[in-house]
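Okay, here's what each chain looks like letter by letter:
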Amino acid sequence: MLDNKGQISMEFLFLVLIVLIIIFTTANYVYHENELNIALDSAKSGALEGALVDSVSVYTINEYSQISSNKQLLHPKNIKIINISYTYVGNYSSLIKPAIGIQVTATSNQRLSDAEKNKLSQKINTRVRRSIVYTFHNEDSTDVGNYYQCYSDNYAYFTYDVIWV
């Protein structure tokens with residue numbers, strides 16, 4: 001008579017091993033994608049905050065001093081965020097992390113000059129970076145005010161100029 005108990009145990013161990021390999025390989029991918037999704041959600045929140053602040057023309061003292069020469073920017077306006085996208089750019093050398101470029105697309109109900117769009121773009125992008133910094137609790141290791149170094153555990157983020165349509 002043949003004993004089949006050893007055969008069943010080997011098949012079960014092989015199946016468990018395959019499942020463990022799949023779990024470990026996908027867990028890292030899911031972790032990185034989750035971190036990227038959290039960053040993009042916070043970027044969206046920051047962009048909406050920046051658009052709201054620009055819409056109602058409520059600025060911090062530093063922001064006000066930068067735009068006070070342009071009186072049109074001090075009037076309420078309707079700024080709408082249309083899209084937020086990202087691209088992998090390569091490695092960010094000083095942080096030794098993959099770099100993610102974030103692109104915001106917006107529109108306004110007022111006709112704005114290129115200089116005005118540039119100022120509003122800076123405010124929106126500053127809020128995007130600030131939101132990412134505070135989401136990942138890196139406020140102690142960045143330049144508060146402009147938030148140029150913006151990163152999470154596995155990625156470094158930067159913003160492109162807002163596209164105005």
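Placed above this text is the structure.
Just so we're clear, the structure is a prediction, and the values are computed from it rather than from any experiment. (Residues numbered from 1 in each chain as written. Predicted model: local features only at pLDDT ≥ 70, side-chain atom pairs only at ≥ 80, totals over all residues. Heavy atoms only, no water.)

S.K.: So what about the environment of Asp114? Which residues, and what values?
M.R.: Among the structural elements, Asp114 can be located in helix H3 (residues 114-135). When its relative accessible area of 65% is taken as the criterion, Asp114 is described as exposed. Considering only alpha carbons, one finds Asp114 and Trp164, 50 residues apart in sequence, at a separation of 9.6 Å. (Helix = DSSP H or I, 4+ residues; strand = E, 2+ residues; numbered from the N terminus. Buried < 20%, exposed > 50% of the residue type's maximum accessible area, 1.4 Å probe, protein only.)

S.K.: Describe in detail the pairing of strand E1 (residues 79-92), supporting the description with residues and values.
M.R.: Judged from the twelve bridges that link them, E1 and strand E2 (residues 97-108) form a sheet pairing that is antiparallel. Across the sheet, the residue bridging to Thr87 is Gly101, located in E2. In this antiparallel pair of consecutive strands, E1 and E2, the connection spans four residues, and Ile96 shows a positive phi of 55°. (Pairing = 2+ DSSP bridges.)

S.K.: Go over the packing of aromatic side chains with me, naming the residues and quoting the values.
M.R.: Counting across every chain of the model gives five aromatic pairs. Ring plane angle 80° and centroid distance 6.0 Å describe the contact between Tyr86 and Tyr88, whose orientation is recorded as edge-to-face. What links up through ring pairs into an aromatic cluster is the set Tyr86, Tyr88, Tyr155 and Tyr157. (Phe/Tyr/Trp six-rings, centres within 6.5 Å; stacked < 30°, edge-to-face > 60°.)

S.K.: Outline the side chain of Arg129, supporting the account with residue identities and numerical values.
M.R.: With respect to the helices and strands, the residue Arg129 is situated in helix H3. On the basis of relative accessibility, which here comes to 9%, the residue Arg129 falls in the buried class. If sequence neighbours within four positions are ignored, Arg129 has contacts with Asn146, Tyr147, Tyr148, Cys150 and Thr159. (Contact = heavy atoms within 4.5 Å.)

S.K.: Describe H3, listing the residues and the values that go with them.
M.R.: Here H3 is 22 residues long and its end C-alpha atoms lie 31 Å apart, about the 32 Å a rise of 1.5 Å per residue gives. Looking at the residues trailing H3, positive phi occurs at His137, about 55°. (Expected span 1.5 Å × (residues − 1).)

S.K.: How would you sum up the pattern of salt bridges? Please name residues and give values.
M.R.: Scanning the model with the defined rule gives two salt bridges in all. Between Arg127 and Glu49 there is a salt bridge, with the nearest N and O atoms lying 2.7 Å from each other. In this pair, Arg127 is assigned in helix H3 and Glu49 in helix H1 (residues 5-56), connecting sequence segments 78 residues apart. Given the relative accessible area of 9%, Arg127 is considered buried. (Salt bridge = Lys/Arg side-chain N within 4 Å of Asp/Glu carboxyl O.)

S.K.: Tell me about the pairing of E2, and please be specific about residues and values.
M.R.: Two faces, one strand: in a regular strand the side chains alternate between the faces of the sheet. Of all twelve residues in E2, ten are buried; the element is thus mostly enclosed. In terms of strand pairing, E2 meets strand E4 (residues 156-159) through four bridges, oriented parallel. Bridging from a neighbouring strand, Gly101 pairs with Phe158 of E4. Taken together, the two bridges between E2 and strand E5 (residues 163-164) define a ladder with parallel strand orientation. Across the sheet, the residue bridging to Ala106 is Trp164, located in E5.

By themselves, these observations are geometric and do not establish any function.
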